[in-house]
Structure formats: structure tokens, C-alpha cells
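A look at the structure
Now for the letters of each chain:
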Amino acid sequence: GDEGGPQGMADLDLPNPFMLMPNILDKLKMLNYEETLARDWMNGELLHQAYFSTPHPKPNEQFFYFVSLFTWLMKENRFSFQRPEQFDDPNTTVANVMDALRRARLPIDYPPAKVKQGHGEAVCVILDLLCDGALENRGFKLKQPVYPPDNYPEEAPVDEDEEVSGDAIADTLQDNNDDDDDVYVGAGQASKGDKAAKENAPENRIMESTTDPKQWMVEVENVAPMLKMRIEPDNKEWRTHLEATKELQDNINTRTGPTKESLGKLTTQISGAMERIGTRESNLNSQYKDRVAEYHEIQEKLQEVTKRYEEGNQGVVDLTNQLTQITDELETIKSDMDSRGDSMTDTGPLVKLKDAMKKIKKDITGMDVRIGTVAHNLLHIKLAHEHSKENDRDANKDEEDD
């Protein structure tokens, strides 16, 4: 591609994928990629002038085309690189690409994430450098155009400190009035053959000023300091801009036709690509109609499962809250049991209880002795009473017998 002149140098300093991609495509055509790479590896799919400049609707296909083109250009540069498969891990593929660039000692200073996109500035710069190396290996040499030096006529020096005086302005005005008089006189002489009424018409008469010359000179003296000329140090600057503008205009006029033609071709290619995409899309829609319906059915089932999962998750949350509450209660009970266990290990109350039991047993023994004594006394009293009753009965019986 043509990258001559200052604009081309600016593009090299600040790479623009929209300007690099047409150059890359031209260089690939010089390498005859249509009959090798596109036919053998990409099923005849050709690139257009904005393929790697913008994101592709199918990023996987764009990235696979980039790594395939990278593999082919590395072989053209006499470097070995294994072409990856379309569905390989892109991170691994990008790591291999960066390693190959380091082995080839190419001045690439882009992060792997930029290369992983499959489009943009990093991709276009890598392909452009590989295309240049491949062309050089095949014997092509692209040189920058040589421009002739700019030869501009020198201007007469201008004195910046020179002031415009009233006399100079008056002389200039007088010269201009003389020139105007000559024009009017010449016009009058040329029209002598015309009608006299037209010559004497007010609109054809010579205009005469009614201003007082002295007042005019006074006004000129007052205005003259404000009419001082200020010229920039570079006397050729305006001519430089004028020449540059003319050159740019000629450049625009020269490139308008080819640009329109290229844009027309690009429009045709894009239209054809859009038609092929539409046809492919309709074929895919008809071919995968059943799978699309199955996908929607599975998606509905997934929504139901998700709903049940959310309900189950809510149940888990409630049970978790209950578990937390029960755990708190258990901790409270454990603390109470610990405090009671501590009190149970205290033997002081037990000793007091044993002493009290001994005293109670002693009191019981004493009470038993007293009860026995009272019972014995009662028994003797009872026996004595019965014996006295028997004696009374016997006595009464004897008296009755008598």
C-alpha cells in the first residue's frame, strides 16, 4: 500500500487499523493469498478492507482467520508455527502467538488481551509487519517516495517599524484618483460616438468629492498610528499555507476517483457478504429449527428448575435461621449446666447434709427408746388392770355363791 509523505509517517507513529487494513490486503494480494491460504485453509473466504479493523459478528471465526493468517505469514517469514484448531483455548493460542513473536524478534508491545480480540490496532500491526517480512523474503522492496524540495520565491523584506504617514496615504490616494481619472477619461473618449444625452446623464458623470482636503488630512493624521502594519517574523508562512492547501486540494482531487471506486467495490463486497450471511442465516434457521424449539423447551425447564432452586434456597435460609436460634438456646443450656455442675462439685452442702442425717438418726434412736419404754409401761399397766378385773370378778362370783 502507499503510505508516502508526512501523512504516512504520522500513521506509522500512531497506527490506525482503518488505514493499515487496506495496505495489509494489498500486500496479501501481492503474496497471492487467494490461491494459497484462502483456498486451502479458509474454504475460499476472502478478506475485505475492514475485516480486522472492526469487531466481527462472530468473534470466534475472526480470531481463527487471524491465527490461520498468522501461521501462513510465519511460514512465509521462514518461522515454524503450529496452526491451532478453531475451538482450541484462545488463551493458550494467544500465548503461543506472543511466544512466536518473541522468537521472531518483532517489535510488538501490546498486551495479550489486545491480540485475543482478533481485531484492532494490535492485530493489524502484527499482520502488517509479517507481510513486510514475507514480501522482503520474496524479493519485494517497498520504498518511500521521494518528494522534490519546495522552492518558494523569497519576498521582499518588510520593515515592521515603518509607520504609515499621512503624506504617504495622501500620495497613494492621489495616485489612485489619477488612475481612476484616466479610466474615466478613457471611457469618455471611447464613448464619444455615443449619444450626448447618455454622456451627460448623472449616473455617467465623474464623481467629485465634496470633502475638505484639510479636514481629510487631519483625519488621516489621527488614524495613521492605528494603521501600522504588523507582520509575523516568518514572511513565507501564508504562502506555505497557500501552497499546502493547493497541494492537499490536488491530492484530494487525485484520490477522489480511486477512493470512490474502492468504496464502490467495498460496498459491493459488503452487499455480497450480507446476502451470503442472510442466506446462511435462513439456512441455519431452517436447519436448526427443531434444535431451537428444543432449546426453548430446555430453557423453560431451566427456569422451572431455577424457581425450585430459589424456593429450596429460601427453605435452606429459614432452616439455617432456625438452626442458629436452636444453637443459641443450646449454648444457654450448656452455660446453665456448667454453672450447675460447678455447684455440684462443691462438697460443703453434702457434709452438712450428712451431719444433719446423723443427728436425725440419733434423735430417731432416742425416740425409739422412749417409745419402747412407754410401751412397756403401758403393757404393765394394762396387765395390772386386767388382773385387777379378774380379781373383782372372782370376788363377785364368790359372793354370789354364798
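Residues numbered from 1 in each chain as written. Predicted model: local features only at pLDDT ≥ 70, side-chain atom pairs only at ≥ 80, totals over all residues. Heavy atoms only, no water.

1. Description of the packing of aromatic side chains
- For the structure shown, the criterion picks out 7 aromatic pairs.
- Taken together, a centroid distance of 6.4 Å and an interplanar angle of 75° make the contact between Phe52 and Tyr65 edge-to-face. Of this pair, Phe52 sits in the loop between helix 3 (34-40) and helix 4 (59-76) while Tyr65 is found in helix 4, placing the two residues 13 residues apart along the sequence. Neither Phe52 nor Tyr65 differs from the other in exposure class; each is buried.
- Geometrically, the ring pair formed by Phe70 and Phe81 is edge-to-face, given 5.1 Å between the ring centres and 85° between the ring planes. One end of the pair, Phe70, is in helix 4; the other, Phe81, is in the loop between helix 4 and helix 5 (90-104), and 11 residues separate them in sequence.
- Using a relative accessible area of 11% as the deciding quantity, one classes Phe81 as buried.
- Taken together through their ring pairs, the aromatic side chains of Tyr51, Phe52, Phe63, Tyr65, Phe66, Phe70 and Phe81 make up a single cluster. (Phe/Tyr/Trp six-rings, centres within 6.5 Å; stacked < 30°, edge-to-face > 60°. Helix = DSSP H or I, 4+ residues; strand = E, 2+ residues; numbered from the N terminus. Buried < 20%, exposed > 50% of the residue type's maximum accessible area, 1.4 Å probe, protein only.)

2. A short note on the confidence of the model for the protein chain
- Of the residues in the protein chain, 77% reach a pLDDT of 70 or more, and the chain-wide mean stands at 80.
- Between the elements of the protein chain, mean pLDDT differs from a low of 40, seen in helix 1 (residues 5-13), to a high of 91, seen in helix 4.
- The model gives residues 153-164 a pLDDT under 50, and that stretch makes 15 contacts with residues more than four places away or in other chains.
- Ignoring residues within four places in sequence, the model shows residues 183-193, a span with pLDDT below 50, making 3 contacts including any to other chains. (pLDDT = per-residue confidence, 0-100. Contact = heavy atoms within 4.5 Å.)

3. Remarks on the environment of Thr36
- Topologically, Thr36 is positioned in helix 3.
- Using a relative accessible area of 28% as the deciding quantity, one classes Thr36 as partly exposed.
- In the structure, Thr36 is positioned 36 residues away from Trp72 in sequence and 9.1 Å away in space, judged by C-alpha atoms.
- When residues no more than four places from it in sequence are discounted, the contact partners of Thr36 are Trp41 and Trp72.
- Looking at Thr36, its side chain comes within polar contact range of the main-chain oxygen of Asn32, at 3.1 Å. (Polar contact = N/O pair within 3.5 Å; in protein donor to acceptor, adjacent residues only side chain to side chain.)

4. Structural notes on the nonpolar core
- Core analysis: the largest hydrophobic core is formed by 43 residues, its most contacted members being Leu47, Phe52 and Leu73.
- For this core, the elements supplying multiple residues, two or more each, are helix 2 (17-30), helix 3, helix 4, helix 5 and helix 7 (121-137).
- Excluding residues that lie within four positions of it along the chain, Phe52 makes contacts with Met21, Leu47, Gln62, Tyr65, Phe66, Leu69, Gly118, His119, Gly120, Val123, Cys124 and Leu127. (Core = buried A, V, L, I, M, F, W, Y, C linked by side-chain atoms within 4.5 Å.)

5. A short note on helix 4
- In this model helix 4 runs 26 Å from its N-terminal to its C-terminal C-alpha over 18 residues, within 8% of the 26 Å that 1.5 Å per residue would give.
- Judged by how many residues are buried, helix 4 sits mostly within the fold: 13 of 18 residues are covered.
- Residue Arg78 follows helix 4 closely and has a positive phi angle near 70°. (Expected span 1.5 Å × (residues − 1).)

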